[in-house]
Structures are given as C-alpha cells and as structure tokens.
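Breakdown of the fold
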Amino acid sequence: MYFVKRFLAMFLTVWIIATLTFIVMKFIPGDPFATDADVFPEEVLENLRAAYNLDKPVPVQYFLYMKDLVTFDLGTSIVSNTRSVNQIIGDGLPASAILGLLSMAIAIFFGVILGVIAALNHNKAIDHISMVIAIIGISIPNFILAPLLIKYFAVDWRILPVASWGTWQHTILPALALSTTPLAVVARYMRSSMLDVMNQNYMKTAEAKGLSTYRLVVQHGIRNAILPIITFIGPLFVSLITGTFVIEKIFAIPGMGRYFVDSIFNRDYPVIMGTTVFYSLILVVTLFLIDMSYRFIDPRIKLTSKGG
Amino acid sequence: MKKWMLLFILLLSVSTVLGACGGDKEGEMGEDGKGVNQEITLNIKTEPPSLDPGLSTDTTSAWVLDHVFEGLYTTDEDGNPILGAAESVDVSEGGAVHTFTIRDDANWTDGTPVTAADFEYAWKRVLNPEVGSRFAFYLYYIKGAEEYNTGNGTVEEVGVEAVDEKTLKVTLNAPLGYFDKLLTMWTYYPVKKELVEGNKDWSTDPETYISNGPFKMTKWAHDSEIVIEKNKDYYDESTVKLNKVTFKMVNEATTFYQMYKTGELDLISTLPTDVLEAERDSDEYLVVPRYGTYMYIFNVTKEPFTNAKVRKAFSLSVNRDLVVDNINKAGEIPAYGMVPPGVATPDGDFREVGGKHFEEDADEAKKLLAEGMKEEGWDTLPQVELLYTTSEGNKKIAEAVQEMIKKNLDIDLKLVNQESKTQLATVNQGNFQMSRMGWVGTFVDPVINLDYFLGGSPNNRTGWVNDEYDSLLEQSKIEQDDKKRYDLLHQAEAVLMEDMPFIPMYYNSNTYLTSPKLENVAYYVNRQPFLKWAEKVK
C-alpha cells in the first residue's frame, strides 16, 4: 500500500512542479522571438506564435502542453526551430551522464576512503589533514579548478586534450573538476557517520570477539556508516548525470547542462519546461528507488506508512 | 615530445604500407599532391540553431550553410557578389524581372542536377505562412511574396516561376539595386522538394542532408562538432583545396584560446580582451571590420530627448576613441554616422565619401544643451536613465559614457542594466529614455543600416519619424543608377544625423587568430570566414 501511495505521489510531484514552472515561466518578461538583430514584421511573428501555440490564451497553452506531456512529447525548441526537446535531451544526456557517473564514482570511492581513514585516526594528524583537504575541496569552486587542470595537464604538460568530446581522454579533466566538491562532502559525511558507528555497542562486541581490523572496519563499520551517504547520493546522482552548466561550458561538453540555463535566457519555453520536467521526473524516481532500497540495505527499516 | 613524434611516424608508415596494400586508399587519407593533410579544425563556438536554410536566422548557422550551400549568387574572395549556381542573368527593361539560367553542372550532393524548380520550391516554402520562417520578410521584394506570407494572397501569385528545368523567372515589386547582394543570403538558397517533404528532420542528420555547395556535411555531433568534406559534385570542385573541415563548438573564450595554442584549433575568432593584449603584435592576429554599429538609441517621445539639441549635446560629449582604445581594444572604429565602412561604391567606400557627420566637442555640446533647454523652457533636466543589456563589456562602456556626460554636461546619468530579453521587452514597450542597441547588416549595403530608422520599421524603437528620410530611402530603392542611388543614401544619412535619434558609438570589428599553416581564408565584413579557397600549407 505504501509502495502504491509513494508511486502516485511521485507523479503528483512532477505535475505540481510542471505547473508551477509553467506559471512562473509565463511571468518572466520578454518574448522568445524578440531579438535586437533582426526584427520580424508582425505578420511573421503571428505565424511563429501560431506554430508554437503561443497565440492561444495561457490556460489553453497549459492544457495543450500537459496533453503532449502525457505522451512524452516535449515540443520543439524555439531557438533551434528544427530540433525537438526530446532530441536535445536525447543528444545531451549521454555525455552528461558519462561525466556524472564517472565523477560520482571518483567522489564516492575516494570520499569514503578519505572519510574512513580520518575517522579511524580520529583527532590525529591524518584526520586533520584529511579534513583540510575536504574543506579545500568544498571551498574551491570547480570553475577555478577546471582552468587550472587545463593549464597544467593540457597546455603545459600536453598529456590530455584541452576540451571537446569524443575519446576517453576528454572525460578525465572534467570528471576530476566535477568530483572534488562531492568528494569532499562524501568524506565529511563518512567521517562523522563512521565515528558514530564506531561508538556503537555492536562494534565493541565485534572487537571483543576478536575480529580482524579489516572485517571490523569493512563489514561492520563501513556497511553501517554508509547509510547516510546513500540518502545524500540520490540528489547528487540526479544533479551530476543531468550535467552542470559551468563544467560543460569550460570543457565544451555536448551535455544538457547548458540547456537548463540558456533556455531561460532565450525564453525557449518548450526547452525550459522539457528540462525541468525531465529533471524532476528522474529526481523523484531516484528518490523513490533509494527509499525502496533502504529496505534491502538496512533490514531495520520497514516499508510501512508508519515508518515512512 | 620526441617519443610521440616517433610513434606518430611509425603509425604513419604502418598505415601507408597498409594503405598501399589496400589499393587506392591514398585519396581518402586527405592529402594533396604535396603531402599536406588538407584537414583543418576551427571554432564556431555554439551549436548552429538550424541548418535548414529556409529557417535559419543566425550567423553561426550561416557559417556552416555558406560552406555547404550556394545560391544563385555567391561571394568572391573580397565579398563582392558573383554568379554562383546561376551561370547568367537577364534583367528586363525597367529592372523588375530577372531571368536566371542555372548552370548545367550545378549538382546536389546526391548527384542530381540543381533545377530552377528547386529554387522556386525553396522560396515559396520560406514564404508559406505555415512554415513560420522568421526571415520570410527578406523575400518581400518579390512580387506577391508579402501578400502570400501574411495570408492576403496565394502561392500562385508569388513572382517566382521555373520556366523550364534551368530557367528561373523572378518578378520583383520594383527594381532593386542590391538584388545580387540579397541573393547571396542563405534564405535564398535552394532546397530539394522530395527531401524536405519526405522527412521533416532532414536538416538535423548528415545522413539525409543534401546540399549544393563547395562542401557537404558528413557529421553532426550536436553541441560538439560538425564535419564538412569537399563536395566532389560541386561545379567548381578544382578550386576547393581543403578535404575536411571540422567545426568545433567551444564557447568558453579561455578554452578555445588554449585549444588554439595547443594546435587543436587552426582558426579562432572573437578573442577575449586579455588575449588581445598578448596577441596584438602576432602575425597570426587579424582585425576585420564587422558590418555593424554599436549605439545608444534615444526615445524621442520622452523628455529630455524630445529635443534634438539635447540629443546632439549627449552625442558630442562622448569620447569614442577612449572607449575603443582603452575599453574594447579590439580595433573597432569610432562612429560618426550610421553606415559602417565596407561598402564599395563608384566614388569609393561609402563611409569615406560620407565622412564624419559631426565632431566631438564638449564646448559645442554645452552650448547645444543650454539652447535646447531654453527652447523647451526647462530649468533642469529630468533624471536620465541609460539602459543596457547585462554584460561586462556593455557595463564598462556605459560607465565610461556616464563619466563623460558628467564631466562635459554635468548631468548625472543613472545606469540600469537588464538581461537581454527583458531589455528588449522594455525597449519595445517604449519604457526607456536611452538604451544600448546594436545592428549588424545581413548584407553589405547602406540600405540595410538606414532602413533601421524608417518610420514604419519594427526596428525603429526611437519614435523618430521623418518623412523626408523615409522618402529618400524609398527613392533609393528603385533608383537603377548606382551613383545616384548612393547619393540618395548619403542624403538620407545626413537627415538622420541632423536629427540624431541615437548616439553612434563605434563600428564593430572581429578579431581572429589564424594558424600560419592555413592560407587563403576569405574574411568578410558581414559573414564568417569562408574556406572555399583556403589551403593548408605545412
């Protein structure tokens, strides 16, 4: 029953987000067809507005949009009048997703290791060094880090290409630049969570049983300590795989990150709606799956409405 | 570095051996007779919004389109219109009917001949109101075109007719002195009917893309790169040296500059200001005037700019050299008129013939302001707001103008910035006193610049309407004698500058870095670099 409720709530959430976005979008001043370069005669503008249903009253536009949305038809971009929003997302998502998954793998792998090492050496020098690294990671914005990486790896040492897309070499620098902040966040979460777990009675019992350090840390410690990280991974996953504006711009990645921002500047209504709906859809689905997964990761959590 | 070279040579020799075994692979390696790999990579910065010539409206798309398509007219190395897909043209007595003969050897990339019907179909498609082409109005010179496009006429009444396979008859509303220039524009390119009607996504996929220019598109990785290759079916195929051109889409200035420096790009444009300093003296650096004007328009229906003397006082107070030399630094030219340099006329460059329409003069400005205020009976001026589009460059210029106006006229300008679409909405509503605007000519003729201020032009947001000005431009459009036509345009510009509904600031420029390995690139004042004659030399 809980499952069904959560499932329905998911669609309700997407519908509310879509509706709010639609309303807010219509309140932004400016016309998608306005340009200071070439101004079209009124008749041409009328033809254009008609082609995008913009000549109809706003409530009618809303219902037409929702009707298409149900069939996953996100419309045609106004800026690129030959490409549909579905094509834009379809073309951009793979590059964004590859980078996102790669940087997430780096962030989680090294973040967990750094956090655990810090926790095991609580209040010792290693702990302090790890946390200083983490704080640097959080505080250096990736638009500073990215040009530095390019300067050294691509321009000075000529090991990797400056930018663009196509081979695995092109993924390394952007993935690194993208991973530092989440890496640092994961490390800090992991450290505090691990410290918490190590003070639990079951850890003391396990230690008293004479388990090896490896089994103690990995099987009992990390497995329990990683739960809070999973909560945090959901939204991180969604934001990373849908691309980031800054990194994609600096490295000329053909991802979809730019469309979240550019579409608003261009008043490209179908793209604003399409990217927002797409983002919220995968966000709610991911959160749903993570909720469901707790049950398997931690048997203590029961999928009942009371527990939810 | 040496190890890489060794590896490269090794790979090269292996592939040559393999190539030799496989037969005539040599040609596909992209080398010319001298062993230079005729492949280059340049940066177009962003994804072209549309590669359908009938729907495209921007210079990025035009950059690619100009290479893969060709109209009845094309441009020579200096940017002058010359016959392209048409081999001859016959203009009727009076100049309204143009009869074009399409070349026998003009072919599509699928090998079929380009016909007059292809042009007829393409133009009528642009005018079809249901297609919603934004540049349809560039075809309004054709008889019946505006009526059809605005729903007041039928397609049969449009003055374009394929008389036979190779003969295209075009009837204009009136003779047009610059029709040849207009015909080089992408909106006038032909498209294949079977292609366009058979597949609405034809223009987004290189597999289905058919064109008729010096190059053909072979790859389009959206938001990443477009690859074009030499079109072997092009009639002037022997002129084209490059086998392959890759257009990268790198928008971040620092990034594309570094890609140029590491050799990943052979040609970059629109250099960032900090790079200009470093590259100014390099042989690879080039400044090309751009056929556009950076300006501040006045709202002549709002005080204090209802008074022409006040408007002039503002314009005379601005030190344009300072803006160009110390802020932009990209070789722009200070503007004292509307029409930028670059128009060749029988008497020389239009701008040089027209000269400066005014001189900067702080004392004269003060005098004009006082006179203007007296005429209107004002003791003080109302608060004046200067509106500009949010950007670092616009901001610096606006601040400099604020300083100059304060210093020379003792007026406190209030600066307001708005994000571009909002600014346009504000200006379109007439909700401004003075605002930054820009205008770049789609083709190189003074008409396109001066039309901006026509009383009925949707571009003219100043509220300034002058019958004499409108009438001079009207006359210039039907004048068949070039000398007289330019004379009328000079007169029109003089009328405009006398009333000064705007402050011309400077004529735009474009800056380039071109690899020394790349030669014979044609740089134009209103189009992107053209590679028809380009060649790699090392």
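Residues numbered from 1 in each chain as written. Chains lettered and ligands numbered in written order. Predicted model: local features only at pLDDT ≥ 70, side-chain atom pairs only at ≥ 80, totals over all residues. Heavy atoms only, no water.

1. Structural notes on the overall build of chain B
Secondary structure summary: chain B contains 17 helices and 21 strands in total. Taken over the C-alpha trace, chain B has a radius of gyration of 26 Å; the compact-globule value for 538 residues is 24 Å, and the two agree within 12%. The proportion of buried residues among the 538 residues of chain B is 57%. Across chain B, every contact between residues at least 6 apart in sequence was considered, and the portion connecting residues at least 24 apart equals 68%. Per element, the accessible surface of chain B, about 22,100 Å² overall, is 48% carbon and sulfur. (Helix = DSSP H or I, 4+ residues; strand = E, 2+ residues; numbered from the N terminus. Rg over C-alpha atoms; globule rule 2.2 N^0.38 Å. Buried < 20%, exposed > 50% of the residue type's maximum accessible area, 1.4 Å probe, protein only. Contact = heavy atoms within 4.5 Å. Areas by Shrake-Rupley, 256 points an atom, 1.4 Å probe, with all protein chains shown as cover.)

2. A closer look at the overall build of chain A
The helix and strand inventory of chain A stands at 13 helices and 0 strands. Scanning chain A from its N terminus toward the C terminus, one meets helices and strands in the order α-α-α-α-α-α-α-α-α-α-α-α-α. Judged by the C-alpha coordinates and their principal axes, chain A covers about 85 × 60 × 30 Å. Evaluated residue by residue, chain A yields a buried proportion of 46% over its 308 residues. Within chain A, counting contacts between residues at least 6 apart in sequence, those at least 24 apart form 73% of the total. Accessible surface, chain A as shown: approximately 15,300 Å² in total, 70% of it carbon and sulfur. Side-chain charges in chain A split into 23 positive and 19 negative, and the spacing between the mean points of these groups amounts to 18 Å. (Lys, Arg positive; Asp, Glu negative; His and termini not counted. Charge placed at Lys NZ, Arg CZ, Asp CG, Glu CD.)

3. Here we look at the sheet that holds strand E4 (residues 86-91) of chain B
Residue and element names in this part refer to chain B. Read from one edge to the other, the open sheet built from 4 strands follows the order E4-E5-E7-E6, with strand pairing classed as antiparallel. Both outer strands of the open sheet, E4 and strand E6 (160-164), are each paired with one neighbouring strand and no more. Averaged over all neighbouring strand pairs, the angle between strand axes comes to 25 degrees, with direction disregarded. By the bridge criterion, 5 bridges tie E4 to strand E5 (residues 97-102) in an arrangement that is antiparallel. Across the sheet, the residue bridging to Asp90 is Thr99, located in E5. Those strands touched by helix H3 (residues 116-127) are E5, E6 and strand E7 (167-171), and its axis lies near 165 degrees from that of E6. (Pairing = 2+ DSSP bridges. Axes fitted to C-alpha atoms, helices over the stretch in contact; angles between N-to-C directions.)

4. Quick word on the nonpolar core
Most often, soluble globular proteins have nonpolar side chains that are buried together. By size, the foremost hydrophobic cluster in this structure holds 183 residues, and its most contacted members are B:Leu72, B:Trp123, B:Ile142, B:Tyr296, B:Phe314, B:Met434 and B:Met505. For this core, the element with the most residues is helix H13 (residues 269-297) of chain A, which contributes 10 residues. Counting residues domain by domain, this core receives three or more from each of domain 1 (70-193) and domain 2 (292-508) of chain B. Once you skip the residues sitting within four places of it in the chain, B:Ile142 turns out to touch B:Trp123, B:Val158, B:Gly159, B:Val160, B:Val170, B:Thr171, B:Leu172, B:Asn173 and B:Tyr188. Of all hydrophobic cores here, the second largest spans 59 residues; its members include A:Val112, A:Leu160, A:Ala187 and B:Val250. (Core = buried A, V, L, I, M, F, W, Y, C linked by side-chain atoms within 4.5 Å. Domains from an automatic or database assignment.)

5. Section: the pairing of strand E16 (residues 384-389) of chain B
All names here are of chain B. When you tally the buried positions in E16, you get 5 out of 6 residues, the bulk of the element. Note: E16 against strand E17 (residues 413-418), 6 bridges, orientation parallel. In the strand pairing of E17, Glu385 is matched with Lys414. On the question of chirality, the crossover connecting E16 to the parallel E17 by way of helix H13 (residues 392-409) is right-handed. (Right-handed = clockwise from strand over helix to strand, strands pointing away.)

6. Quick look at the interface of chain A and chain B
On the side of chain B, 45 residues touch chain A, which itself brings 46 residues to the contact. In total, chain A and chain B occlude about 3,900 Å² of area from one another, counting both sides; carbon and sulfur atoms represent 53% of this. Linking chain A with chain B are 4 salt bridges, by the criterion used here. B:Glu419 is the salt-bridge partner of A:Arg267, the closest N and O atoms lying 2.8 Å from each other. For the interface between chain A and chain B, the tally reads 15 residue pairs in polar contact (both at pLDDT 80 or more). (Buried area = accessible area lost by both parts, 1.4 Å probe. Salt bridge = Lys/Arg side-chain N within 4 Å of Asp/Glu carboxyl O. Polar contact = N/O pair within 3.5 Å; in protein donor to acceptor, adjacent residues only side chain to side chain.)

7. A word on the confidence of the model for chain B
Residue and element names in this part refer to chain B. Scored by pLDDT, chain B has a mean of 90; 94% of the residues are at 70 or more. Averaged pLDDT values over the elements of chain B bottom out at 41 in helix H1 (residues 2-21) and peak at 97 in strand E10 (residues 244-248). Across residues 1-30 the pLDDT falls below 50, and counting only partners more than four positions away or on other chains, this stretch makes 8 contacts in the model. Two summary scores accompany this predicted model of the complex, namely pTM at 0.86 and ipTM at 0.85. (pLDDT = per-residue confidence, 0-100.)

8. Some points on helix H17 (residues 482-499) of chain B
Residues and elements named next belong to chain B. Here H17 is 18 residues long and its end C-alpha atoms lie 26 Å apart, about the 26 Å a rise of 1.5 Å per residue gives. Every buried residue of H17 is listed here: Arg485, Tyr486, Leu488, Leu489, His490, Ala492, Glu493, Val495, Leu496 and Met497. At the exit of H17 stands Met500, carrying a positive phi of roughly 45 degrees. (Expected span 1.5 Å × (residues − 1).)

9. Quick look at the packing of aromatic side chains
Counting across every chain of the model gives 40 aromatic pairs over all chains. Arranged with centres 6.3 Å apart and planes meeting at 85 degrees, the rings of B:Phe179 and B:Tyr188 form a pair that is edge-to-face. Exposure remark for B:Tyr188: the relative accessible area of 0% places this residue in the buried category. In this structure an aromatic cluster arises from ring pairing among B:Phe100, B:Phe119, B:Trp123, B:Phe179 and B:Tyr188. The aromatic ring of A:Tyr269 is capped on one face by A:Lys26, whose charged end is 4.2 Å from the ring centroid. Across the ring face of A:Tyr152, the terminal group of A:Lys151 is positioned such that the distance to the ring centre comes to 4.9 Å. (Phe/Tyr/Trp six-rings, centres within 6.5 Å; stacked < 30°, edge-to-face > 60°. Lys NZ or Arg CZ within 6 Å of the ring centre and 35° of its normal.)

10. Points about H13(B)
With 18 residues, H13(B) extends 25 Å between its outermost C-alpha atoms, agreeing within 8% with the 26 Å of an ideal straight helix rising 1.5 Å per residue. Just past H13(B), the residue B:Asp410 takes up positive phi, approximately 55 degrees.

11. Regarding the confidence of the model for chain A
In this model, chain A carries a mean pLDDT of 88, and residues with pLDDT of at least 70 account for 96%. Helix H2 (residues 42-51) of chain A is the least confidently modelled element of chain A, averaging 81 in pLDDT, while helix H4 (residues 85-120) of chain A averages 93, the highest of any element.

12. So, the pattern of salt bridges
All names here are of chain B. All chains considered together, the criterion is met by 39 salt bridges over all chains. Residue Glu279 is joined to Lys261 by a salt bridge in which the shortest nitrogen-to-oxygen separation is 2.9 Å. One end of the pair, Glu279, is in helix H8 (residues 273-279); the other, Lys261, is in helix H7 (residues 253-261), with 18 residues separating them in the sequence. Between Asp445 and Arg485 there is a salt bridge whose closest N-O contact spans 2.7 Å. Of this pair, Asp445 sits in the loop between strand E18 (434-440) and helix H15 (446-450) while Arg485 sits in helix H17, placing them 40 residues apart in sequence. We note that Asp445, like Arg485, is buried.

13. Details of the packing of helix H7 (residues 169-198) of chain A against helix H9 (residues 213-225) of chain A
The relative placement of two packed helices comes down to the angle between their axes together with the axis-to-axis distance. Residues and elements named next belong to chain A. At a closest axis distance of 8 Å, the pairing of H7 and H9 adopts a crossing angle of 120 degrees. Judged on the interaxial angle alone, H9 and H7 are oblique. As H7 runs across H9, the sense of the crossing is right-handed. In this structure, H7 contributes Met190, Ser193, Met194 and Val197 to the contact, and H9 contributes Val217, His220, Gly221, Ile222, Asn224 and Ala225. Across the contact of H7 with H9, the residue classes break down as 6 nonpolar, 4 polar and no charged. (Parallel < 35°, antiparallel > 145°, perpendicular 65-115°, else oblique. Left-handed = near helix turned anticlockwise from the far one by under 90°. Nonpolar A, V, L, I, M, F, W, Y, C, P; charged D, E, K, R; others polar.)

14. A closer look at the domain arrangement of chain B
All names here are of chain B. Taken domain by domain, chain B consists of domain 1 (70-193) and domain 2 (292-508). In this structure, domain 1 and domain 2 have C-alpha centres spaced 34 Å apart. Each side of the interface is counted separately: domain 1 has 12 residues, and domain 2 has 12 residues. With both sides pooled, the region where domain 1 packs onto domain 2 buries about 980 Å², and carbon together with sulfur makes up 60% of that total.

15. Regarding a nonpolar patch on the surface
All names here are of chain A. A surface patch of nonpolar side chains, amounting to about 910 Å² of accessible area, comprises Val132, Ile136, Ile140, Phe143, Ile144, Leu148, Tyr152, Trp157, Ile159 and Val246. Elements that contribute at least two residues to the nonpolar patch include exactly helix H5 (125-139) and helix H6 (142-156). The element that contributes the greatest number of residues to the nonpolar patch is H6, accounting for 4 residues. Within the secondary structure, Ile136 sits in helix H5. Given the relative accessible area of 44%, Ile136 is considered partly exposed. (Patch = residues over 30% accessible without salt bridge, like charges linked within 9 Å, V, L, I, M, F, W, Y side chains within 5 Å.)

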